[in-house]
Amino acid sequence: DQQVKQNSPSLSVQEGRISILNCDYTNSMFDYFLWYKKYPAEGPTFLISISSIKDKNEDGRFTVFLNKSAKHLSLHIVPSQPGDSAVYFCAASASTGNQFYFGTGTSLTVIP
Amino acid sequence: GAGVSQSPRYKVAKRGQDVALRCDPISGHVSLFWYQQALGQGPEFLTYFQNEAQLDKSGLPSDRFFAERPEGSVSTLKIQRTQQEDSAVYLCASSFNAGDDGTDTQYFGPGTRLTVL
């Protein structure tokens, strides 16, 4: 049973516009959330995280929003750049455990 | 600085063969994790070490899978009598802290792509 879901397998965005990647989770025990970026033939690279005590965390062009009541988080990339083209994984964990639970990924293509 | 490294990067095995996959974590990282990533899926947890102690192996799919980290640094994931369904990318990750509260960032290696024929 998938506890973290990314329902959009792919997304295409024009360079300079905003990219919005979405993620939903089902386990109410999750209190820490991360986004990883993955290029082909490489391992996932940590991008940004957010704790459940916050509803927003920003790092440069990347912002993660958390809506706990909806069990939903999103990653905003603005402005999008061609180098952002990659697969983005959403992950969640509970402070009572040690595992990260990953979504199935969204492949982002930024068109120059 | 050196990140997490894994070897081999690619491994082809005949069904029934044993394989051993190696992970070198970031120096000084206490926690080490193994994940399995099937095609089109996200990484799925296999097992977790804190130093040399294997504290969680709940994700190992069968008793054909075995992992060790005898000196608290390098780890080996061994798969005995490989089956076609074992074909996947095996990812190793490490984190600096003990990792038992789920909030420490995990840094991933490039993975080993295992193909079982």
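See the structure above.
Calculation notes
- Residues numbered from 1 in each chain as written.
- Chains lettered and ligands numbered in written order.
- Predicted model: local features only at pLDDT ≥ 70, side-chain atom pairs only at ≥ 80, totals over all residues.
- Heavy atoms only, no water.
- Helix = DSSP H or I, 4+ residues; strand = E, 2+ residues; numbered from the N terminus.
- Rg over C-alpha atoms; globule rule 2.2 N^0.38 Å.
- Buried < 20%, exposed > 50% of the residue type's maximum accessible area, 1.4 Å probe, protein only.
- Contact = heavy atoms within 4.5 Å.
- Areas by Shrake-Rupley, 256 points an atom, 1.4 Å probe, with all protein chains shown as cover.
- Core = buried A, V, L, I, M, F, W, Y, C linked by side-chain atoms within 4.5 Å.
- Pairing = 2+ DSSP bridges.

Peer 1: Please clarify how the overall build of chain A should be interpreted in this entry.
Peer 2: Within chain A one finds 0 helices and 11 strands. Walking chain A from its N terminus toward its C terminus, one meets helices and strands in the order β-β-β-β-β-β-β-β-β-β-β. For 112 residues, the compact-globule formula gives about 13 Å, and the C-alpha radius of gyration of chain A, at 13 Å, lands near that figure. Taking all 112 residues of chain A together, the buried fraction comes to 46%. The contacts in chain A between residues at least 6 apart in sequence include a share of 55% that link residues at least 24 apart. For chain A, the accessible area works out to roughly 5200 Å², and carbon and sulfur atoms hold 50% of it.

Peer 1: Could you clarify how one ought to interpret the nonpolar core in this entry?
Peer 2: Generally speaking, soluble globular proteins have nonpolar side chains that are buried together. Ranked by size, the top nonpolar core spans 24 residues in total, and within it Phe-33, Trp-35, Leu-73, Leu-75 and Tyr-88 of chain A carry the most contacts. Every element with two or more residues in this core is listed here: β3 (19–25), β4 (32–38), β5 (45–51), β7 (62–67), β8 (72–77), β9 (86–93) and β11 (106–111) of chain A. Discounting chain neighbours no more than four positions away, the residues touching Phe-33 of chain A are Tyr-25, Ile-48, Ser-49, Ile-50, Leu-66, Leu-73, Ala-91 and Ala-92 of chain A. The next biggest cluster of nonpolar side chains, apart from the first, holds 20 residues, and it includes Ile-26, Ala-67, Leu-114 and Val-116 of chain B.

Peer 1: Can you walk me through the sheet that holds β7 of chain A in this structure?
Peer 2: Within a sheet, neighbouring strands are paired by backbone hydrogen bonds and run either parallel or antiparallel to one another. Residues and elements named next belong to chain A. Across the sheet, which stays open at both edges, the 5 strands sit in the order β1-β3-β8-β7-β6 with antiparallel pairing between neighbours. In this open sheet, the two strands that pair with only one neighbour each are β1 (4–5) and β6 (56–59). Sheet analysis places β6 next to β7, joined by 4 bridges and oriented antiparallel. Bridged to Lys-56 within β7 is Phe-65.

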